[in-house]
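# Fold and contact review
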Amino acid sequence: MTATPVLQLRQLARTHGSGPTEVHALRPLDLDVFPGELVAVMGPSGSGKSTLLTLAGGLDAPTSGTVTVEGTDLTTASRRDVAALRRRAIGYVFQDYNLIPALTAAENIALPRELDGIRAKKARTEALAALDEMGLADIADRFPDEISGGQQQRTAIARALVGDRRLVLADEPTGALDSETGESVLAVLRARCDAGAAGILVTHEPRFAAWADRVVFLRDGEVVDQTLRSDASALLTPGAAQ
Amino acid sequence: MSIRHGLLALLESGPRYGNQLRAEFESRTGATWPLNVGQVYTTLNRLERDGLVKPDGEDDSGHALYAITGDGRAELRVWYATPVDRQRPARDELAIKLAMAVGAPGVDISAVIQAQRAHTIGAMQDYTRLKAQALTTLEHPEAGSDDLAWLLVLEQLIFQAEAEARWLDHSEARLVRVARSAQARGDGTAPDRGRRGAARDAAR
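Residues numbered from 1 in each chain as written. Chains lettered and ligands numbered in written order. Predicted model: local features only at pLDDT ≥ 70, side-chain atom pairs only at ≥ 80, totals over all residues. Heavy atoms only, no water.

### What about the packing of aromatic side chains?
- Scanning all chains against the criterion turns up 1 aromatic pair over all chains.
- Measuring from ring centre to ring centre gives 5.3 Å for B:Trp79 and B:Tyr80, while their planes differ by 40 degrees; the resulting arrangement is tilted.
- B:Trp79 gets classed as partly exposed once you look at its relative accessible area, which sits at 32%.
- Over the face of the ring belonging to A:Phe208 we find A:Arg207, whose NZ or CZ atom lies 5.5 Å from the ring centre. (Phe/Tyr/Trp six-rings, centres within 6.5 Å; stacked < 30°, edge-to-face > 60°. Buried < 20%, exposed > 50% of the residue type's maximum accessible area, 1.4 Å probe, protein only. Lys NZ or Arg CZ within 6 Å of the ring centre and 35° of its normal.)

### Notes on the UniProt feature "domain: Transcription regulator PadR N-terminal" (unreviewed entry) in chain B
- Feature annotation in UniProt assigns "domain: Transcription regulator PadR N-terminal" (unreviewed entry) to the following positions: residues 7-77 of chain B.
- As a span, residues 7-77 of chain B carries 54% helix and 15% strand, and end to end its C-alpha atoms are 13 Å apart. (UniProt positions renumbered as here; feature names shortened; annotations may be inferred. Helix = DSSP H or I, 4+ residues; strand = E, 2+ residues; numbered from the N terminus.)

### Quick look at the domain arrangement of chain B
All names here are of chain B.
- Taken domain by domain, chain B holds domain 1 (3-81) and domain 2 (93-202).
- Tallying the contact residues gives 6 residues for domain 1 and 6 residues for domain 2.
- Roughly 540 Å² is buried in total at the junction of domain 1 and domain 2, and carbon and sulfur atoms are behind 56% of that figure.
- If you sort the residues of domain 1 by the area they bury against domain 2, Ser27, Arg28 and Thr32 come out on top, with a joint share of 70%.
- Here domain 1 is connected to domain 2 by 1 salt bridge.
- A salt bridge links Asp146 to Arg28; the nearest nitrogen and oxygen atoms lie 3.2 Å apart. (Domains from an automatic or database assignment. Contact = heavy atoms within 4.5 Å. Buried area = accessible area lost by both parts, 1.4 Å probe. Salt bridge = Lys/Arg side-chain N within 4 Å of Asp/Glu carboxyl O.)

### Digging into the sheet that holds strand S3 (residues 38-42) of chain A
All names here are of chain A.
- Strand order in the open sheet formed by 6 strands is S6-S7-S8-S3-S9-S10, with mixed pairing between adjacent strands. The outermost strands of the open sheet, each flanked by one partner alone, are strand S6 (90-93) and strand S10 (222-228). Sheet twist, expressed as the average angle between the axes of neighbouring strands with direction ignored, equals 15 degrees.
- Sheet topology note: the strand S7 (residues 167-171)/strand S8 (residues 198-202) ladder contains 5 bridges and is parallel. Across the sheet, residue Val168 finds its bridge partner in S8, namely Gly199.
- Helix-sheet contacts for helix H6 (residues 179-194) involve S3, S7 and S8, and the interaxial angle to S8 is about 150 degrees. (Pairing = 2+ DSSP bridges. Axes fitted to C-alpha atoms, helices over the stretch in contact; angles between N-to-C directions.)

### Quick notes on the packing of helix H3 (residues 105-115) of chain A against helix H4 (residues 120-133) of chain A
All names here are of chain A.
- Two elements in contact, H3 and H4, have axes separated by 8 Å at closest approach and are oriented at 130 degrees. The angle between H3 and H4 falls in the class oblique. Judged by the twist between their axes, the crossing of H3 over H4 is right-handed. Across the interface between the two elements, Ala105, Ala106, Ile109, Ala110, Arg113 and Glu114 of H3 pack against Ala120, Ala123, Arg124, Glu126, Ala127, Leu128 and Leu131 of H4. (Parallel < 35°, antiparallel > 145°, perpendicular 65-115°, else oblique. Left-handed = near helix turned anticlockwise from the far one by under 90°.)

### Details of the pattern of salt bridges
- Evaluation of the coordinates by the stated rule reveals 27 salt bridges over all chains.
- With a closest N to O distance of 3.0 Å, A:Glu37 and A:Arg214 form a salt bridge. In this pair, A:Glu37 sits in the loop between strand S2 (23-33) and S3 while A:Arg214 sits in strand S9 (residues 214-219), placing the two residues 177 residues apart along the sequence. In this structure, A:Glu37 and A:Arg214 share a single accessibility class: buried.
- Residue A:Glu183 is joined to B:Lys131 by a salt bridge in which the shortest nitrogen-to-oxygen separation is 2.2 Å. Of the two residues, A:Glu183 sits in helix H6 while B:Lys131 sits in helix H6 (residues 109-139), which places them in two different chains.
- By relative accessible area, A:Glu183 is classed as buried at 15%.
- Ionic contacts of the salt-bridge type, sharing partners, join the residues A:Glu205, A:Arg207, B:Glu162 and B:Arg166 into one network.

### Brief notes about the nonpolar core
Residues and elements named next belong to chain A.
- Ranked by size, the top nonpolar core spans 40 residues in total, and within it Leu131, Met134, Leu189, Leu201 and Val215 carry the most contacts.
- The leading source of residues in this core is H6, at 5 residues.
- Excluding its chain neighbours within four sequence positions, the residues that come into contact with Leu189 are Leu38, Leu161, Val168, Ala170 and Leu201.
- Membership of the second largest hydrophobic core comes to 30 residues, among which are Leu9, Val39, Leu74 and Val82. (Core = buried A, V, L, I, M, F, W, Y, C linked by side-chain atoms within 4.5 Å.)

### Some words on the interface of chain A and chain B
- With 26 residues of chain A at the interface, the matching set in chain B holds 30 residues.
- Carbon and sulfur atoms supply 59% of the area buried between chain A and chain B, which totals about 2500 Å² over both sides.
- Applying the counting criterion to the chain A and chain B interface returns 8 residue pairs in polar contact (both at pLDDT 80 or more).
- Looking at the side of chain A that touches chain B, the elements with two or more residues in it are helix H7 (206-209), S9 and S10 of chain A.
- Per element, the largest residue contribution to the side of chain A that touches chain B is 4 residues, and it comes from S9(A).
- Tallied by class, residues from the side of chain A that touches chain B come to 13 nonpolar, 4 polar and 9 charged. (Polar contact = N/O pair within 3.5 Å; in protein donor to acceptor, adjacent residues only side chain to side chain. Nonpolar A, V, L, I, M, F, W, Y, C, P; charged D, E, K, R; others polar.)

### Examining the environment of A:Ala187
- Tracing the chain through its elements places A:Ala187 in helix H6.
- Along the sequence, A:Ala187 and A:Asp60 sit 127 residues apart, while their C-alpha atoms lie 29 Å from each other.

### Remarks on the sheet that holds strand S5 (residues 72-73) of chain A
Residues and elements named next belong to chain A.
- If you walk across this open sheet you meet the 4 strands as S2-S1-S4-S5, and the pairing is antiparallel. Each edge of the open sheet carries a strand with a single partner, namely S2 and S5.
- Pairing between strand S1 (residues 7-16) and strand S4 (residues 64-69): 5 bridges, direction antiparallel. Residue pairing in the sheet places Arg10 in a bridge with Thr66 of S4.

Here it is, written out as structure tokens:
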């Protein structure tokens with residue numbers, strides 16, 4: 001690929017503690033994620049998947065190495081620039097949804113946009129469109145405690161995808177969802193990447209990882225293997241054998 | 001056997017000739033299990049011998065047609081009503097490979113598992129891409145039962161690969177656990193050389 005990566009990790013490492021209690025959460029790792037690309041990260045718990053995601057999103061600082069998002073190195077940029085980038089360019093879907101209980105679903109989605117200077121009316125229109133994309137048009141004006149866990153999760157995903165997010169980071173985004181709904185979430189994530197965003201999906205579900213262009217396997221903080229999406233074999237194309 | 005019953009099922013909706021049966025079988029299963037026309041005619045001959053189909057003249061272009069018989073319909077009903085046998089599982093090369101790798105000298109079983117996992121998930125990526133296409137096709141108003149049948153077959157391939165990937169994860173975790181408890185006991189007390197070898201492999 002000749003395009004510039006949306007996310008570039010170089011020799012990225014994170015160590016907790018020091019001396020005999022030192023833990024290498026992530027060993028020096030290189031990773032590029034290009035526009036249009038969805039990368040799945042798999043591995044057992046403790047393998048560094050979530051560490052990778054929090055570092056990539058600028059939510060934690062690496063022990064060494066660099067994180068570059070849309071050309072800005074998060075490890076050297078000012079706090080203010082990092083905060084702006086996090087708000088505008090990066091969408092997060094984490095295991096705990098972090099919805100604000102005093103705001104409706106639509107308000108939860110509109111809030112970060114308004115903080116970013118978008119006018120309230122436009123932010124609400126965007127929020128309603130994002131909810132509709134997740135099949136949640138009906139619950140726009142309900143509060144988090146009035147909707148199911150699955151609906152809360154999809155609201156959090158709608159919030160992560162609203163606006164022009166160039167980088168989407170998802171940590172087990174299908175956790176509380178049944179298999180069918182989980183699938184539709186993946187389809188939305190896939191569509192967002194097909195439209196030009198870059199995405200990282202941390203998951204332990206092979207069926208969801210299979211939506212990615214590339215699957216990276218982590219073990220003990222290191223990449224041990226990865227798959228590339230190949231051209232689907234002609235054997236499986238209906239009618240190809242005729 | 002599946003080709004036999006697959007052909008009977010296609011003939012139930014009316015007489016067909018050999019190449020037509022082959023094409024219809026493949027449009028339902030997306031050429032996942034490609035048939036050649038020779039296999040189709042061999043199967044039709046056996047079905048005719050068993051009284052389940054009979055020759056039914058020719059179409060306008062001179063193709064020899066076959067029709068399902070009353071016995072053929074009865075056979076088909078029994079097939080739909082009977083579960084596919086799981087009592088005697090098909091021989092599985094991967095299961096045999098892992099069984100042989102346990103304790104085999106010079107074999108890193110966790111490397112065997114990882115190589116397979118990457119391959120299996122890679123195959124799932126292919127199937128999933130085809131599935132995404134199939135889902136798009138199904139949204140078209142002119143989509144038919146062939147498109148739905150193909151989606152079901154693809155999803156079967158995905159679920160089967162997923163089961164394999166999960167089993168690999170489980171096997172890896174199992175090997176690590178066995179290795180840890182062997183270490184806790186002290187290497188010398190493990191009763192069986194083969195198992196100890198496997199535990200050491202897993203611990204790497």
